[in-house]
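Spelled out from the first residue to the last, the chains are:
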Amino acid sequence: MNDSGQNEGLGEKPSINKRHKVAWKNASISKENEGASISPHKRQNLLLSATLSEKVNHLARISLENPVLIGPNDKFSAKQPSQSGQLVLHNGRESNLSDMSTSCTTEDYNLPSELTQRYVRVSCGSRLPVLLSILKNLFEQPAPQKVVVFFSTCDTVDFHYSLFSDFQWSSDSQLAPDQKETFLKCKIFRLHGKMDHNARKTTFNDFSSEKSALLLCTDVAARGLDIPRVKCIIQYDSPGEATEYVHRVGRTARLGEKGEALLFLQPVETEYLDILLKHCGSLEEFPLIKIINRFPVHGRKHQNRNMLSLDSHPWISSLQKALESFIATEPEMTLLAKDGFCSWLRAYAAHRGELKRMFVVKKLHLGHVAKSFGLKEQPTSIGGSFLMQVKKRKKYEKRGGLSKRKRFAT
């Protein structure tokens, strides 16, 4: 069983419990029916996880018999057996599984000192031009840059991959279309779960072999991949739990090399920094205005731009208009943008627990969300369909108990 922590994190605990009960029942029946001709070797079950938490501990209890834990962390000392009699072996010493999981979830994560963590506060309507500007600045540096950008869904990866690959632009709006240049001058790759195995393998090998390239991906690339020489991790969409943040930034600053991590947040989401502070340390604010001011508008640099807000900055506004015009003239790109819009909203509404009060769908301006996908306005059908899905989900969630009116009536 692999990636158990990820399965639990996706809210699969009830189904996991049910599956394992059925699995153990079938295994017991098979054991009773096996004859002397069957191989005498006993079956050994292995549960593999990149993180140790109470959820993984629970999964171990229901799926394994007398589990033994083997791990690299040597900070745990010998413990007495737990009441359940479950012991774990950790670097040759026996330790209590519950004590270790509790310690791992409450202590800070050991992020490498070579990792620089930053965040950038951007309103939803300016996210797309800001992301493109940051990437353009990175790939115009003299040193090779290998950058990974994380998105929340496969559809958003597909949209941004097509857009970044084809979008052409010039700061001089009077130039003819054939005189414009590709905005991002780098090799671009994509990686997500809807791609078949061979395509994912090819992408991984090709991106790994490049000295300078851009990878757009979902969390399928957050675990278990050792990609060499990654300089920067950009989390365009929030990772959710702090453990997922750690997995993502773990793709850089490996084996003593320096790395950078940049987290995008909307102004209404900055409370999320408090969660990261508890586990991952503080994040510095990214000098966005300084980066934006480097780009010329209409062939010349603008003066006194420090006094302008980001949304009204001439570079950001002109780039946003160019993106919207480009997407509007490309039917396939428009369709990808709409699909990305829908899937992004569904992912945003899927936050659970304490994250649900930080990432609130009702606080979003759907017109600004549409702008983040280069759409000039929110398609009415999309907004209505999404709101209907939200209502259906709330109605479904209430089926587990009495409605508020009935509770107060009793």
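Look a little higher up for the structure.
Conventions and cut-offs
- Just so you know, the residues in each chain are numbered from 1, in the order the chain's sequence is written.
- With pLDDT at 70 or above as the cut-off, local features in this predicted model cover only qualifying residues; side-chain atom pairs require 80 or more to be listed or tallied, and sums for whole chains, interfaces and linings still use all residues.
- Side-chain metrics rest on all non-hydrogen atoms present in the structure, leaving aside hydrogens and water.
- Helix and strand labels come from DSSP, where a helix needs a run of H or I of at least four residues and a strand needs a run of E of at least two; each type is numbered from the N terminus.
- The term polar contact refers here to a pair of N or O atoms within 3.5 Å; inside protein, the definition further demands a hydrogen-donor-capable atom paired with an acceptor-capable atom, and it admits residues adjacent in sequence only when both atoms are side-chain atoms.
- Whether two strands pair comes down to DSSP finding at least two bridges between them.
- Contacts between residues were defined by any pair of non-hydrogen atoms, one from each residue, lying within 4.5 Å.
- Axis definition: a line fit to C-alpha positions, over the contact stretch in the case of helices; interaxial angles, taken between N-to-C directions, run 0 to 180 degrees.
- By definition, a salt bridge exists where a carboxyl oxygen of Asp or Glu is found within 4 Å of a side-chain nitrogen of Lys or Arg.
- Burial status follows relative accessibility: with a 1.4 Å probe on protein chains alone, a residue under 20% of its type maximum counts as buried, one over 50% as exposed, and anything between as partly exposed.

On to the side chain of Asp237, then. Here Asp237 shows up in the loop between β9 (232–235) and α8 (242–249). Polar contacts involving the side chain of Asp237 include one to the side chain of Arg127, which spans 2.9 Å. Reaching out from Asp237, the side chain makes a polar contact with the backbone nitrogen of Ser152 at a distance of 2.8 Å.

A few words now on the sheet that holds strand β7 (residues 187–191). Sheet architecture is open: seven strands sit in the order β7-β8-β4-β9-β10-β3-β11, paired in parallel fashion. Strand pairing shows two members of the sheet lacking a second neighbour, β7 and β11 (284–285), which therefore form its edges. Judged from the seven bridges that link them, strand β3 (residues 115–121) and strand β10 (residues 259–265) form a sheet pairing that is parallel. The residue bridging Val120 from the neighbouring strand is Phe264, located in β10. Here helix α6 (residues 154–166) sits on the sheet in contact with β7 and β8 (213–217), set at roughly 170° to β7. With respect to the sheet, helix α9 (residues 272–280) is in contact with β3 and β10, its orientation differing from that of β10 by roughly 150°.

Before going further, it helps to spend a moment on the pattern of salt bridges. Overall, the coordinates contain 13 salt bridges when judged by the stated rule. Note that Glu285 is salt-bridged to Arg121, the shortest N-O span being 3.7 Å. A residue pair is termed long-range when its members are at least 10 positions apart, and Glu285 in strand β11 and Arg121 in strand β3 qualify at 164 residues. Of the charged contacts in the structure, one is a salt bridge between Asp155 and Lys194, with a shortest N-O distance of 3.8 Å. Here Asp155, found in helix α6, pairs with Lys194, found in the loop between β7 and α7 (197–209); they are 39 residues apart in sequence, far enough to count as distant. Lys194 sits in the exposed class, given a relative accessible area of 60%. Connected through shared salt-bridge partners, Arg118, Glu260 and Glu284 make up one network.

Read these as geometric descriptors, not functional statements.
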